[in-house]
Amino acid sequence: SQKIEQNSEALNIQEGKTATLTCNYTNYSPAYLQWYRQDPGRGPVFLLLIRENEKEKRKERLKVTFDTTLKQSLFHITASQPADSATYLCALEVGSNYQLIWGAGTKLIIKP
Amino acid sequence: NAGVTQTPKFHILKIGQSMTLQCTQDMNHNYMYWYRQDPGMGLKLIYYSVGAGITDKGEVPNGYNVSRSTTEDFPLRLELAAPSQTSVYFCASSQDKRAYEQYFGPGTRLTVT
């Protein structure tokens, strides 16, 4: 069956450290993968998009990797801050309609 | 530039009642989407639209209907509400479908009792 997995348990990280979140998928062949941030009571907000032929993408303190052989994307936040605390969602673009298939998200808590 | 707006923010509906969730975007996007988000689950696509007058089913369309008479508006209609439709509903829009970010509204928290 097709599925996307993100860590369901919250990730607790000390301020200043690098946070690494994982998105694994099976039985999909996505052309693109997107990462979003969601704060409580709000809609998701787009962060980064990476293409299947890109190994890595960076934006300020954020870095995304995409390994189509392992069927895995890693999302890194360097020099993490309490304001980075949120739920992070990954989404795969699949099919001829390029619909987004979403993971359930990982809650990240940055402790001061 | 308000982006994507949704109304209402919260609503309690009785079983068997109907209602319409409103969604408006001011970015002139052709693509619009309705998702539902349940605890511990990924967003599920209900319906989407590629332009005024054109809509199509997503992964979980049963119990819902949509229309798209203008570029800006994409209302979601719930007919004969059931407890299984208790969820948070998000509307989103994008400039195009491939490799384009989606912009989300603030969501509507709906409870059916």
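Computed from a predicted model, the values in this text were never measured in an experiment.

Scoring rules and cut-offs
Residues numbered from 1 in each chain as written. Chains lettered and ligands numbered in written order. Predicted model: local features only at pLDDT ≥ 70, side-chain atom pairs only at ≥ 80, totals over all residues. Heavy atoms only, no water. Helix = DSSP H or I, 4+ residues; strand = E, 2+ residues; numbered from the N terminus. Rg over C-alpha atoms; globule rule 2.2 N^0.38 Å. Buried < 20%, exposed > 50% of the residue type's maximum accessible area, 1.4 Å probe, protein only. Contact = heavy atoms within 4.5 Å. Areas by Shrake-Rupley, 256 points an atom, 1.4 Å probe, with all protein chains shown as cover. Lys, Arg positive; Asp, Glu negative; His and termini not counted. Charge placed at Lys NZ, Arg CZ, Asp CG, Glu CD. Buried area = accessible area lost by both parts, 1.4 Å probe. Salt bridge = Lys/Arg side-chain N within 4 Å of Asp/Glu carboxyl O. Polar contact = N/O pair within 3.5 Å; in protein donor to acceptor, adjacent residues only side chain to side chain. Disulfide = S-S within 2.5 Å. Pairing = 2+ DSSP bridges. Axes fitted to C-alpha atoms, helices over the stretch in contact; angles between N-to-C directions.

A.B. asks: Describe the overall build of chain A, with residues and values.
C.D. replies: Check the secondary structure of chain A and you find zero helices and eleven strands. The N-to-C order of helical and strand elements in chain A reads β-β-β-β-β-β-β-β-β-β-β. Against the compact-globule benchmark of 13 Å for 112 residues, chain A has a radius of gyration of 13 Å, which places it among compact chains. Seen along its three principal axes, the alpha-carbon backbone of chain A occupies a region of about 45 × 30 × 20 Å. Within chain A, the fraction of its 112 residues that count as buried is 45%. Considering only contacts within chain A whose residues lie at least 6 apart along the sequence, 54% involve residues at least 24 apart. A total of about 5,700 Å² of accessible surface is found on chain A, and carbon and sulfur atoms cover 45% of it. Treating the 14 positive side-chain charges of chain A as one cloud and the 11 negative ones as another, the clouds have centres 2 Å apart.

A.B. asks: Which residues make up the interface of chain B and chain A, and what are the values?
C.D. replies: Accessible area lost during the coming together of the parts is what is often quoted as the interface size. With 20 residues of chain B at the contact, the number on the chain A side is 22 residues. When chain B packs against chain A, close to 1,600 Å² is buried across both sides, 52% of that on carbon and sulfur atoms. Looking only at chain B, the three residues that lose the most surface to chain A are K97, R98 and A99 of chain B, adding up to 31% of its buried area. In this structure, the connection of chain B to chain A is made through zero salt bridges. On the surface where chain B and chain A come into contact, there are seven residue pairs in polar contact (both at pLDDT 80 or more). Secondary-structure elements contributing two or more residues to the side of chain B that touches chain A are β4 (31–37) and β5 (44–51) of chain B.

A.B. asks: Pulling in residues and values, what's your account of the state of the cysteines?
C.D. replies: All names here are of chain B. Taken as a whole and judged by the stated rule, the model has two disulfides over all chains. One disulfide bridge connects C23 with C91, the sulfur atoms lying 1.8 Å from each other. Taking the torsion about the sulfur-sulfur bond, which here is approximately -70 degrees, the covalent link between C23 and C91 counts as left-handed. Here C91 lies in strand β9 (residues 87–94) and C23 lies in strand β3 (residues 19–25), a separation of 68 residues in the sequence. Note on C91: relative accessible area 0%, which makes it buried.

A.B. asks: How would you sum up the sheet that holds strand β7 (residues 64–66) of chain B? Please name residues and give values.
C.D. replies: Residues and elements named next belong to chain B. Taking strand neighbours across the sheet as the criterion, the four strands line up as β1-β3-β8-β7 in an open arrangement whose pairing is antiparallel. Looking at the sheet topology across the chains shown, the edges are occupied by β1 (4–7) and β7. Across the sheet, the mean angle from the axis of one strand to that of its neighbour is 20 degrees, orientation sign disregarded. Note: β7 against strand β8 (residues 76–78), three bridges, orientation antiparallel. What sits directly across from N65, in β8, is R77.

A.B. asks: An account of the sheet that holds strand β1 (residues 3–6) of chain A is requested, with residue identities and associated values reported.
C.D. replies: Residue and element names in this part refer to chain A. Pairing in this open sheet of five strands is antiparallel, and the strands run β1-β3-β8-β7-β6 from one edge to the other. On the outer flanks of this sheet lie β1 and β6 (56–59), each paired with one strand and no other. Across the sheet, the mean angle from the axis of one strand to that of its neighbour is 15 degrees, orientation sign disregarded. Of the pairings in the sheet, the one linking β1 to strand β3 (residues 19–26) comprises four bridges and is antiparallel in character. Note on β3: the bridge partner recorded for E5 is N24.

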